Amino acid sequence: MFEIQPFGGIIYGADYNPEQWPRDTWRDDARLMNEAGVNLVSLGIFSWAHLEPRPGEYDFTWLDEVMDLLHEHGINVNLATATASPPPWLSLKYPDSRPVTADGVRLEVGARQLYCPSHQPFRAHARLLVEQIAQRYGPHPALKLWHINNEYGCHVDQCFCALCAEAFRAWLQAKYQTLDALNDAWGTAFWSQRYGDWAEIQPPRRAPTFANPTQQLDWRRFSSDNILELYRMEAGVVRAVTPHIPVTTNFLGFIPGLDYFKWAQEEDVVSLDAYPDPAGPHPHLEAGMSYDMMRSLRGGQRWILMEQAPSAVNWRPYNAPKRPGLMRMLNHQALAHGASGLMFFQWRASRAGAEKFHSGMVQHVGPARSRVWEEIRSLGQELRTLTRLTGAQVPARAAIMFDWNSWWALNVDSKPAVLPLLPLVQKWYAALRSLGQNVDFVHPDGDLQGYDLVVMPNQYLLAQGSAQNIRQFVDGGGTLVTGFFSGIVDEHEHIQLGGYPALLTDVLGLWVEEWVVLPPGEHNRVRFGAQGEAHDVLHWAEVIHPEGAETLATFDQDFIAGQPAVTRHGYGAGRAYYVGGDLPQAALAQVFEEALTHAGVPTCRLPDTVSVSVSRLGGRSVLHLLNAHPTQALAFTLPAGGVHFEDGRPAAPSLTLLPYGVTLIEFEGEVALDELQLTQAPAALTLSH
Ligand code: GAL
């Protein structure tokens, strides 16, 4: 497994685009990089037009110079394959290399990521370029990592052109073998959609109304696989030349286009671009969820934060800066969630082009008078005291089930309601985090055995094998919390008949008859026990019939008043809870707290503005405590026996963290999480809805 240690510490750096600057800036850059503690830069990501100005005519002189200069300054290189943005000559020479939208519009030259993944001449040109780069720089001593392409699927995650239609048919033929099998899987008896010839099958382009749902789902699977072929081709080229250099491509967290569980298996190390909105309610929760997914993709392996903004981005309608301290806090958080590298987009803020208002480590004003530079430089220094963290593990006893296939299926139109998955997962994630839990993400076919608690906010698509995996987990003593509208369809998007969720009714001890969709403006309520607290339920409620399950909370309105909303059921040696509506975070936290306590997992109760993580260093534990509140200081009582991570000083029993403050306390053995308490909790900071 690829380890980060060869870098001699935490990776710190940025995308570096020297081709945007005159040569005399380069020396300055290298000197400033040394000053900031930068030890790795990503080079050449958008350099194709500079490296191959005309077809087959390569010019590497400038890149040779930059590679040597960086090496002289002790800075390593994460070298890109430079294929992320084909030069204008390529797109004009091969008009059909330009991708086509679902409406049949062929995209135009002048931006980036303008390629159709099925276009063979594009692939051939890309391969030739990557071969040139790999052969030329494979032996270079600065080269430490390969950066394949850039953010696959960021702008174009599907291309609906004739070449992709052909590739789709080939993919379907390999999957189904016979047309009869495809017709069955797609349910083409409906609306006279039966296919009599493979040639009749098309991508789900703009149609009079809902396209066939299984066609849409298979199209998503195909599109992810088709782009993955591009990655495989490039990774194959560089691996053949430099088998000892690790390979990555930068992921985007939760994006709909690519099945990262599948993709990550093809990388040596996972890397992430994370751009949480500093103006959002909880940037650290937004970022933390992606961080945790990255760690989970390769079984807990540490990962690299490949891009983040030093301060503002330029691509939202309104772009808030990262206020003093937030950038540092989010980087500490990445380390706490398993990162071993902290990189930025980009080194020097551009002067021209579409990203000139995006912050850089070196801002337009230059380093001397820049608040951002000061924070960048001091973080670079601080990282030297944190090197030991690159050897830490981030153990999680709770996991959230997540699956791109199910997300795609849920997103197919013609459903009982529009149900955006991410806000729901975010809410379940925040509820677990508010109980002090490290959280993994796990695929429905993944290994569940190491967890005490697995929660499934929504697993709309549940294949037979996955249901069996879940059943075994509960049977063997695990605790499961299942959310509404789960286990509805199989892998072909056909309903599992006999009462929802048909494959898990025995585990849950209930069946669902129908759902009560709550359009915007309508709500139901749930109440835990006759005297218990009531919570609003939005979007969705269900008609639940217990068969063995105990009712923990009931709905109190509409024709389901008095009927179960939240249930609990013993199955084998384990327990299965069911949450039959879109409950607020506080109610979810109540259910999770009970489930965790029953499973013997220590918890604490914290507002969303506190982030707690625990990492393991051999027999020791590190408590990472972050105050994510932008303006209020928070005071805590700490578990006894801790020492400060950086210098081993004994920790006082109580501690105050300033806004965006961070502290790392190390303990022998486990951290007694239940002893961690917020002692000064302003009213405004109680658990959010
Ligand atoms: C990323 C991309 C970078 C840059 C950055 C701006 O999506 O990889 O090239 O565009 O966003 O935030």
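Residues numbered from 1 in each chain as written. Predicted model: local features only at pLDDT ≥ 70, side-chain atom pairs only at ≥ 80, totals over all residues. Heavy atoms only, no water.

Caption draft 1: Region of the structure containing the overall build of the chain. Of the regular secondary structure elements, the chain holds 17 helices and 27 strands. In terms of C-alpha radius of gyration, the chain reaches 26 Å, essentially the compact-globule figure of 26 Å for 689 residues. Across its three principal directions, the C-alpha atoms of the chain cover 75 × 75 × 40 Å. Relative to its full complement of 689 residues, the chain shows a buried share of 61%. A sequence separation of at least 24 residues applies to 74% of the contacts in the chain between residues at least 6 apart. Taking the 50 positively charged and 74 negatively charged side chains of the chain as two groups, their mean positions are separated by 6 Å. (Helix = DSSP H or I, 4+ residues; strand = E, 2+ residues; numbered from the N terminus. Rg over C-alpha atoms; globule rule 2.2 N^0.38 Å. Buried < 20%, exposed > 50% of the residue type's maximum accessible area, 1.4 Å probe, protein only. Contact = heavy atoms within 4.5 Å. Lys, Arg positive; Asp, Glu negative; His and termini not counted. Charge placed at Lys NZ, Arg CZ, Asp CG, Glu CD.)

Caption draft 2: Broad picture of helix α8 (residues 213-241). With 29 residues, α8 should cover 42 Å at 1.5 Å per step; its first-to-last C-alpha distance of 43 Å lies within 8% of that length. Buried residues dominate α8, accounting for 22 of its 29 residues. (Expected span 1.5 Å × (residues − 1).)

Caption draft 3: Examining the site of the ligand more closely. Taken together, Phe46, Arg112, Asn150, Glu151, Asp273, Tyr275, Glu307, Trp315, Phe345, Glu355 and His358 make up all the residues around the ligand. Measuring from an oxygen atom of the ligand, one finds a side-chain N or O atom of Arg112 at 3.0 Å. In this structure, an oxygen atom belonging to the ligand sits 2.7 Å away from a side-chain N or O atom of His358. Look at the ligand: alone it shows 310 Å² of surface, and the protein chains cover 96% of it. Using a 2 Å cut-off from the grid points, one finds that the ligand occupies the second largest pocket. (Near = heavy atom within 4 Å. Polar contact = N/O pair within 3.5 Å; in protein donor to acceptor, adjacent residues only side chain to side chain. Areas by Shrake-Rupley, 256 points an atom, 1.4 Å probe, with all protein chains shown as cover. 1 Å grid on protein atoms, 1.4 Å probe; cavity = no way out; pocket = protein on both sides within 12 Å on 5 of 7 lines; lining within 4 Å. Sits in = over half its atoms within 2 Å of the grid points.)

Caption draft 4: Focus on the sheet that holds strand β3 (residues 76-80). In space, the nine strands of this open sheet follow the order β5-β4-β3-β2-β1-β9-β8-β7-β6, with parallel pairing throughout. Bordering the open sheet on either side are β5 (247-248) and β6 (250-251), each of which pairs with just one other strand. The pairing of strand β1 (residues 11-16) with strand β9 (residues 339-344) spans four bridges and is classified as parallel. For Gly13, the partnering residue across the bridge sits in β9 and is Met343. The sheet contacts of helix α12 (residues 371-383) involve β1 and β9, and relative to β1 the element is tilted by about 145°. (Pairing = 2+ DSSP bridges. Axes fitted to C-alpha atoms, helices over the stretch in contact; angles between N-to-C directions.)

Caption draft 5: Summary view of the sheet that holds strand β21 (residues 610-617). The strand order across the open sheet formed by four strands is β21-β22-β26-β24, and the pairing between neighbours is antiparallel. Of all strands in the sheet, those with a lone pairing partner are β21 and β24 (643-644), marking the two edges. Relative to strand β22 (residues 620-627), β21 runs antiparallel, the two being bridged by eight bridges. Within β22, the position partnered with Ser613 by the bridge is His624.

Caption draft 6: Main features of the layout of surface pockets. Taken as a whole, the largest pocket spans an internal volume of roughly 700 Å³. Lining the largest pocket are 25 residues, with Gln20, Phe46, Ser85, Ala111 and Arg112 positioned closest to its centre. At the level of elements, α2 (48-51) and α4 (88-93) are the ones that each hand at least two residues to the lining of the largest pocket. Grouping the constituent residues of the lining of the largest pocket by class yields 11 nonpolar, 10 polar and four charged. Lining the second largest pocket are 28 residues, with Leu252, Asp273, Ala274, Tyr275 and Trp315 positioned closest to its centre. Every element with two or more residues in the lining of the second largest pocket is listed here: α10 (283-297) and α14 (421-433). At four residues, α10 tops the list of elements feeding residues into the lining of the second largest pocket. (Points joined across faces, edges and corners; volume = space filled by probe spheres on them. Nonpolar A, V, L, I, M, F, W, Y, C, P; charged D, E, K, R; others polar.)

Caption draft 7: View of a nonpolar patch on the surface. A contiguous nonpolar patch, built from Phe190, Trp191 and Phe210 and spanning about 360 Å² of accessible area, is present on the exposed surface. Mapped onto the secondary structure, Phe190 falls in the loop between α7 (179-186) and α8. (Patch = residues over 30% accessible without salt bridge, like charges linked within 9 Å, V, L, I, M, F, W, Y side chains within 5 Å. Salt bridge = Lys/Arg side-chain N within 4 Å of Asp/Glu carboxyl O.)

Caption draft 8: Fine view of the nonpolar core. Core analysis: the biggest nonpolar cluster contains 183 residues, and Leu79, Tyr260, Trp347, Phe402 and Phe592 have the highest contact counts within it. Residues Leu182, Trp198, Ile201 and Phe222 belong to the second largest nonpolar core, which totals 19 residues. (Core = buried A, V, L, I, M, F, W, Y, C linked by side-chain atoms within 4.5 Å.)

Caption draft 9: Looking closely at the pairing of strand β16 (residues 534-546). With eight bridges connecting them, strand β14 (residues 510-518) and β16 associate as antiparallel partners. Considered in β16, the bridge of Glu514 is made with Val543. Pairing analysis gives four bridges linking strand β15 (residues 524-528) to β16, with the strands arranged antiparallel. Its bridge partner lying in β16, Asn524 is registered against Val537.

Caption draft 10: View of the environment of Gln158. As for its placement among the helices and strands, Gln158 is situated in the loop between β4 (143-147) and α6 (162-176). For the pair formed by Gln158 and Arg471, sequence separation is 313 residues and the distance between their alpha carbons is 35 Å. Among all residues touching Gln158, those that are not within four sequence positions of it are Val100, Trp219, Arg220 and Ser223. In terms of polar contacts, Gln158 uses its side chain to reach the side chain of Asp157, at 3.2 Å.

Caption draft 11: Here's a closer look at the pattern of salt bridges. Using the criterion set out here, one finds 39 salt bridges in the structure. Across the salt bridge formed by Glu266 and Arg232, the nearest N and O atoms sit 2.7 Å from each other. Here Glu266 is found in the loop between α9 (260-264) and β7 (271-273), whereas its partner Arg232 is found in helix α8, with 34 residues between them in sequence. You can call Arg232 partly exposed: its relative accessible area is 34%. Taking the shortest distance from any N to any O, the salt bridge between Arg605 and Glu593 comes out at 3.2 Å. With Arg605 in the loop between α17 (585-598) and β21 and Glu593 in helix α17, the pair connects residues that are 12 residues apart, well separated along the chain.

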